[in-house]
Amino acid sequence: MENNAIKIDNESSPSSSLLLTPQNVDSLFNSVEAFLFDCDGVIWKGDKLIEGVPETLEMLRSKGKKLVFVTNNSTKSRKQYAKKFCSLGISVTEEEIFSSSFAAAMYLKVNDFPREKKVYVIGEEGILEELELAGFTGLGGPEDGKKKVELKPNCLFEHDKSVGAVVVGLDQYINYYKLQYGTLCIRENPGCLFIATNRDAVGHMSDLQEWPGAGCMVAAVCGSTQKEPIVVGKPSTFMMDFLLQKFQISTSKMCMVGDRLDTDILFGQNAGCKTLLVLSGVTTLSALQDPSNIIQPDYYVNKVSDILKFLG
């Protein structure tokens, strides 16, 4: 990763975003009690850890900082994410993880979604597992990825009339069957909710390139239903309510660290957190400094481990 480090010219940096340096790192570090980290593009890319992350997280913990991991990727549950961290040599508890799969289940819970109603999932195991933990019945998911539709005369597609919500997230098994099932539920089941885990355009499903994100799955359902979803992941501050309840720390003493301007940084800004953009993921320096970009983080840096280097 070191060879791919981005040369940052501070002279040309936008006036509203500061390049994090050894001179100003203390100002950020001393004003923050909790660091909120995105995962894809910040902690890892696909299943490959970004250089220097474990040592940086260990240092932050040793200095008494709380660490929270806030991810829009809904393919895993909090339990599955804790296992992934462990497999990469990082000790993280389920309680420190806030995923959009968890947020979708919690949205239904806090809004008293009827237990007798079912939830159709265009997404993966993470959503189904969190729904089950919250006491809801989920349908669909990877299992429906194997199903096909035969379009022929007098073809009537049957769907469960007791589905009261459709949750759409990242789904590598998406197909026409799922799109039809979700569409019928939203259009024909009275009061059926349309919930999106997030609308990320792309994501690092592997370390070598970007892949289509949940945003394109959500857009497909928007197109067929002519409805807009309730978005529970970043930049919506829905997850922040749970975070505040759990950690009892003012948002002004939190720093959101992420690689996306329109989700991570906007999420932090919407919640009143300090924000740090890392250039190890989706956002490039040229995108940050583009005159058309109106989302400016407080600070930006090459990668998370620069914090350790600057404080060392």
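What you see is a predicted model, and the numbers here were worked out from it, not measured in a lab. (Residues numbered from 1 in each chain as written. Predicted model: local features only at pLDDT ≥ 70, side-chain atom pairs only at ≥ 80, totals over all residues. Heavy atoms only, no water.)

**A word on the pattern of salt bridges**
Throughout the structure, instances matching the rule amount to 13 salt bridges. Among the ionic pairs, Lys-178 bridges to Asp-171, the shortest N-O distance being 2.6 Å. No difference in accessibility class separates Lys-178 from Asp-171, as the two residues are buried. In this structure, the salt-bridge partner of Lys-234 is Asp-264, at a minimum N-O distance of 2.6 Å. With Lys-234 in the loop between β13 (230-231) and α8 (238-247) and Asp-264 in helix α9 (residues 261-271), this residue pair connects regions lying 30 residues apart in the sequence. Here Lys-234 matches Asp-264 in class, with each residue buried. Within the structure, one salt-bridge network assembled from shared partners comprises Glu-51, Lys-303, Asp-306 and Lys-309. (Salt bridge = Lys/Arg side-chain N within 4 Å of Asp/Glu carboxyl O. Buried < 20%, exposed > 50% of the residue type's maximum accessible area, 1.4 Å probe, protein only. Helix = DSSP H or I, 4+ residues; strand = E, 2+ residues; numbered from the N terminus.)

**Re unusual backbone geometry**
Cis geometry marks the peptide bond from Lys-234 to Pro-235, where omega comes out at 10 degrees. Relative to the helices and strands, Pro-235 is located in the loop between β13 and α8. In this structure, Gln-248 takes a positive phi of about 50 degrees despite not being glycine. With respect to the helices and strands, Gln-248 occurs in the loop between α8 and β14 (254-258).

**What to know about the packing of helix α3 (residues 78-87) against helix α5 (residues 125-133)**
One way to put it is that α3 packs onto α5 with a least axis distance of 8 Å and a crossing angle of 125 degrees. Considering their axes alone, α3 and α5 lie oblique with respect to each other. For the pair formed by α3 and α5, the contact residues are Arg-78, Lys-79 and Gln-80 on the first element and Glu-125, Gly-126, Glu-129, Glu-130 and Leu-133 on the second. Taken together, the residues of the contact of α3 with α5 break down into 1 nonpolar, 2 polar and 5 charged. (Axes fitted to C-alpha atoms, helices over the stretch in contact; angles between N-to-C directions. Parallel < 35°, antiparallel > 145°, perpendicular 65-115°, else oblique. Contact = heavy atoms within 4.5 Å. Nonpolar A, V, L, I, M, F, W, Y, C, P; charged D, E, K, R; others polar.)

**Focus: α8**
For α8, every residue scored as buried is listed here: Phe-238, Met-239, Met-240, Phe-242, Leu-243 and Phe-247. In the core, the buried residues of α8 are packed alongside β2 (34-37), β5 (66-71), β6 (97-99), α4 (100-110), β14 and α9. Taken from the residues just after α8, Gln-248 is the one with a positive phi, measuring 50 degrees.

**Some points on the side chain of Asn-198**
Following the sequence through the fold, Asn-198 ends up in the loop between β10 (193-196) and β11 (202-203). Exposure remark for Asn-198: the relative accessible area of 3% places this residue in the buried category. For Asn-198, the side chain forms a polar contact with the main-chain oxygen of Asn-72, separated by 2.7 Å. Within polar-contact distance, the side chain of Asn-198 engages the backbone nitrogen of Asp-200 at 3.0 Å. Once residues lying within four places of it in the same chain are set aside, the contact partners of Asn-198 are Asn-72, Ser-100, Ala-214, Gly-215, Val-218, Val-231 and Lys-234. (Polar contact = N/O pair within 3.5 Å; in protein donor to acceptor, adjacent residues only side chain to side chain.)

**Digging into the pairing of strand β9 (residues 163-168)**
Most of β9 is tucked away, with 6 of its 6 residues classed as buried. Bridge count for strand β7 (residues 118-122) against β9 is 5 bridges, and the pairing is parallel. Looking across to β9, one finds that Val-121 is bridged to Val-167. Pairing analysis gives 4 bridges linking β9 to β10, with the strands arranged parallel. Looking at β10, one finds that Val-166 is bridged to Phe-194. Crossover β9 to β10 through helix α6 (residues 176-188) is right-handed. (Pairing = 2+ DSSP bridges. Right-handed = clockwise from strand over helix to strand, strands pointing away.)

**Brief notes about the environment of Gly-135**
Looking at the element boundaries, Gly-135 is found in the loop between α5 and β8 (137-140). A C-alpha to C-alpha distance of 34 Å links Gly-135 and Glu-210, two positions 75 residues apart in sequence.

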